[in-house]
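Structure assessment
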Amino acid sequence: MTTAIAVPQTRQRVSARPVPRVTAQVFAQMRYPEQRTELIKGEVAVMSPASVEHGKITMRIGARLEAYASRVGVGQVYAAETGFIIGRNPDTVRAPDVAFVRQERVADMEDTTGFGRFAPDLAVEVVSPNDSAAYLRRKVSDWLQAGAQQVWVIYPDTATVEVHLPNRRAYTLTGEDTLEGGELLPGFTCPVAEIFA
């Protein structure tokens, strides 16, 4: 004879109210000491601080871009964690490791009390060990869809750089190659090996 065993059922409370989304304006006032944050479609994403290697590589490529931009006078370079609003309703605020904005767009973008109002022309992302391939694809896609002309993804573990351009297939540079700025940064060159030296 088989005995039926009653299994207690748990009731889940279903909320009729949607979770409120954070706007870029509210996000600008929020504080997360010692943590990096971005706003992704109205939700705050908290990330751990960058590693020493990450910081070194970011500084190295940022310094090269800043030296180039200052010498040629083609635009403004922004340091890591500068926020750019790249989506509205719900709002998205991304912060690349290094960003470049062409000179003719700088005046339209800058507001010393807030985020950049649109995507930079170049977004540079230095990959952290815990960044998944899906996360990186989404981030690159976000930048390009928002209007970035180039996205450089730097991989410290393989000492390579992926270059992404709108409507074109990405390509990978190794230590034997030279990273070039193309039409966006005419005359800019950087041996890939020097990024990781």
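Description of the structure in this document. What you are looking at is a predicted structure, and each value in this text was computed from that prediction instead of being measured.

Further remarks concern the overall build of the protein. Helix and strand counts for the protein stand at five helices and 12 strands. Considering the protein as a whole, with its 197 residues, one finds that 41% of them fall into the buried category. Contacts spanning at least 24 positions in sequence make up 52% of the contacts within the protein whose residues lie at least 6 apart. Surface accessibility of the protein: about 12200 Å² in total, with carbon and sulfur atoms responsible for 51%.

Here the idea is simple: oppositely charged side chains can pair when their charged atoms come close. Counting across every chain of the model gives eight salt bridges. One salt bridge connects Glu 194 with Arg 64, and the closest N-O pair in it is separated by 2.0 Å. Taken together, the residues Glu 194 in helix 5 (residues 192-195) and Arg 64 in helix 2 (residues 52-72) connect sequence positions 130 residues apart. A residue is classified by how much of its surface remains accessible, and Arg 64, at 31% relative accessible area, is partly exposed. Here Arg 102 and Glu 104 are joined by a salt bridge, their closest N and O atoms 2.8 Å apart. Relative accessible area serves as the criterion here: at 55%, Glu 104 is assigned to the exposed category. Linked by salt bridges that have partners in common, Arg 102, Glu 104, Arg 105 and Asp 121 make up one network.

Moving on, we come to unusual backbone geometry. A cis amide bond, omega 0°, links Asn 89 with the succeeding residue Pro 90. On the secondary structure map, Pro 90 appears in the loop between strand 4 (84-87) and strand 5 (92-94). A positive phi is found at Ala 159, a non-glycine position, where the angle reads about 50°. Within the element layout of this structure, Ala 159 appears in the loop between strand 8 (150-155) and strand 9 (160-164). Residues other than glycine seldom take positive phi values, yet Asn 167 does so here, at roughly 55°. Overall, the relative accessible area of 85% leaves Asn 167 in the exposed class.

Looking at where His 54 falls in the secondary structure, it is placed in helix 2. Once residues lying within four places of it in the same chain are set aside, the contact partners of His 54 are Asp 97, Val 126, Val 127 and Ser 128.

Sheet architecture is open: six strands sit in the order 3-6-7-8-9-10, paired in mixed fashion. Two strands bound the open sheet, and with one partner strand each, they are strand 3 (75-78) and strand 10 (171-173). Averaged over all pairs of adjacent strands, the angle between their axes in this sheet comes to 15°, without regard to strand direction. Pairing between strand 6 (residues 98-102) and strand 7 (residues 122-126): three bridges, direction antiparallel. Within strand 7, the residue paired with Ala 99 across the bridge is Ala 123.

What follows covers the environment of Pro 96. Among the structural elements, Pro 96 can be located in the loop between strand 5 and strand 6. Residue classification places Pro 96 among the buried positions, given a relative accessible area of 1%. The spacing of Pro 96 and Tyr 78 is 18 residues in sequence and 9.0 Å in space, taken between C-alpha atoms. Beyond its immediate stretch of four places on either side in the chain, Pro 96 contacts Ala 79, Ala 80, Glu 81, Thr 82, Phe 84, Ala 123, Val 124, Glu 125 and Trp 143.

The subject of this paragraph is the pairing of strand 6. In terms of burial, strand 6 is a largely internal element, four of the five residues being buried. Taken together, the four bridges between strand 3 and strand 6 define a ladder with antiparallel strand orientation. Counterpart to Gly 75 in the pairing with strand 6 is Arg 102.

Rules used in this analysis
Residues numbered from 1 in each chain as written. Predicted model: local features only at pLDDT ≥ 70, side-chain atom pairs only at ≥ 80, totals over all residues. Heavy atoms only, no water. Helix = DSSP H or I, 4+ residues; strand = E, 2+ residues; numbered from the N terminus. Buried < 20%, exposed > 50% of the residue type's maximum accessible area, 1.4 Å probe, protein only. Contact = heavy atoms within 4.5 Å. Areas by Shrake-Rupley, 256 points an atom, 1.4 Å probe, with all protein chains shown as cover. Salt bridge = Lys/Arg side-chain N within 4 Å of Asp/Glu carboxyl O. Pairing = 2+ DSSP bridges. Axes fitted to C-alpha atoms, helices over the stretch in contact; angles between N-to-C directions.

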